[in-house]
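Summary of structural features
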Amino acid sequence: MSFQAPWFLLLLLALPLAVAAYLLVDRHRRAAAASFASPQLLPSVAPRRPGFRRHLPMVVYAVALTVATIALARPEATVAVPEERASVVLVTDVSGSMEARDVEPSRVDAARDAALRFLDRTPGRLRVGAVTFNHSVQAIEPLRVERDEVRALLERLRPSGGTATGNALAAALALLERGDGKRAKRPPGAIILLSDGASTHGRDPLPLARRAARLRIPIYTVALGTDRGTIQVERRDGETVTRQVPPDRETMRRIATLSGGRTFAADAGGELATVYERLGSQVATRKERRQVTAAFAGGAAALLLLGGALSLGWFGRLP
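These notes cover the structure that comes with them. (Residues numbered from 1 in each chain as written. Predicted model: local features only at pLDDT ≥ 70, side-chain atom pairs only at ≥ 80, totals over all residues. Heavy atoms only, no water.)

1. Focus: the pairing of strand β3 (residues 87-93)
Within β3, seven of the seven residues are buried, which leaves it mostly tucked inside the rest of the structure. A two-sided burial pattern is seen for β3, the buried positions comprising Ser-87, Val-89, Val-91 and Asp-93 on one face and Val-88, Leu-90 and Thr-92 on the other. Judged from the seven bridges that link them, β3 and strand β4 (residues 127-133) form a sheet pairing that is parallel. Each bridged residue has a counterpart across the sheet, and for Val-88 the counterpart in β4 is Val-128. You can see the chain leave β3, run along helix α4 (residues 107-121) and come back into β4, and the turn it takes is right-handed. Relative to strand β6 (residues 189-195), β3 runs parallel, the two sharing six bridges. Its bridge partner being in β6, Ser-87 is matched across the sheet by Gly-189. (Buried < 20%, exposed > 50% of the residue type's maximum accessible area, 1.4 Å probe, protein only. Helix = DSSP H or I, 4+ residues; strand = E, 2+ residues; numbered from the N terminus. Pairing = 2+ DSSP bridges. Right-handed = clockwise from strand over helix to strand, strands pointing away.)

This is how it looks when you write it as structure tokens:
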């Protein structure tokens with residue numbers, strides 16, 4: 001939280017003085033009461049004394065004045081608001097290693113379910129595009145507010161082949177650079193890259209990550225799978241062998257870091273869904289500073305009314 005007029009907070013320095021003055025007055029009042037009647041006779045004169053209750057309205061008033069002083073300083077809070085013009089491209093690896101079943105029911109099925117959930121839960125005005133790739137870019141869906149074509153593409157995911165991460169990032173950046181062609185200024189955009197293996201074909205992805213940083217397009221990477229992941233591969237002689245397919249977390253981390261994004265690891269379908277939900281809130285919102293003075297002023301007024309009500313209810317008078 002920050003303040004537009006922080007110098008008003010100096011008034012809070014007067015609060016300890018006010019408390020000290022109240023305690024001094026109360027001490028004098030008790031001394032006067034003791035001189036008026038013998039302390040031994042007080043239990044019979046006033047058998048039911050208010051105790052701490054007599055101080056409680058003043059405590060409430062002190063809190064109210066503190067909150068009112070904060071309101072005078074015009075506090076601001078940073079809140080997340082929907083980014084109506086934002087664009088995001090889902091870049092999904094459909095290489096052969098996505099057949100691995102270390103993520104239930106399989107890596108490709110978990111990726112499809114999480115991406116479809118992402119489409120359902122992000123704001124309706126968010127423009128979404130998609131790129132799928134294995135050893136080359138397999139399909140591209142341009143940025144649209146409507147999600148039907150992207151959903152259809154995700155439903156068709158079938159794993160095969162190698163991994164061309166750089167080529168896929170180049171296609172995604174081209175979509176975001178092109179934008180909608182109607183605005184002089186490109187709207188904010190981001191890329192969500194899901195992959196489960198090292199890049200084996202095409203362009204080096206790291207220079208593409210640096211280019212994304214220059215364009216202010218963060219790449220959020222998700223390394224899917226565990227080190228125990230395996231697939232069955234048929235060799236040219238017809239024999240089937242088991243091949244380990246661990247995710248390349250280090251490359252995914254470097255892509256995210258170079259582009260200004262963040263990296264995540266998911267070794268279960270539930271974790272992947274959670275990651276996509278978090279990313280949906282990041283790419284579809286923007287941070288905005290808003291005044292919250294009214295909330296503090298309203299709170300101060302409510303506390304003043306409470307203090308007055310307590311005093312009238314217990315003692316029949318205001319302090």
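There's more to say after this.
2. Topic: the nonpolar core
In terms of nonpolar packing, the biggest core is built from 33 residues, with Leu-90, Leu-119, Leu-194, Val-222, Leu-224, Leu-272 and Tyr-276 touching the most fellow members. Here the element with the most residues in this core is α4; it accounts for eight residues. The contact partners of Val-222, leaving out residues within four places of it in the chain, are Leu-193, Leu-194, Ser-195, Met-252, Phe-264, Ala-266, Leu-272, Val-275, Tyr-276 and Leu-279. Counting residues in hydrophobic clusters, the runner-up holds 24 residues, among them Val-89, Val-131, Leu-143 and Leu-175. (Core = buried A, V, L, I, M, F, W, Y, C linked by side-chain atoms within 4.5 Å. Contact = heavy atoms within 4.5 Å.)

3. Concerning the packing of helix α7 (residues 205-214) against helix α8 (residues 249-259)
Between α7 and α8, the least distance of the axes is 7 Å, while the angle of their chain directions is 25 degrees. With respect to each other, α7 and α8 are oriented roughly parallel. Viewed along their axes, α7 and α8 form a crossing whose handedness is right-handed. Along the contact surface, α7 presents Pro-205, Leu-206, Ala-209, Arg-210, Ala-212 and Ala-213, while α8 presents Thr-251, Arg-254, Ile-255, Leu-258 and Ser-259. Grouping the amino acids of the contact of α7 with α8 by side-chain chemistry returns seven nonpolar, two polar and two charged. (Axes fitted to C-alpha atoms, helices over the stretch in contact; angles between N-to-C directions. Parallel < 35°, antiparallel > 145°, perpendicular 65-115°, else oblique. Left-handed = near helix turned anticlockwise from the far one by under 90°. Nonpolar A, V, L, I, M, F, W, Y, C, P; charged D, E, K, R; others polar.)

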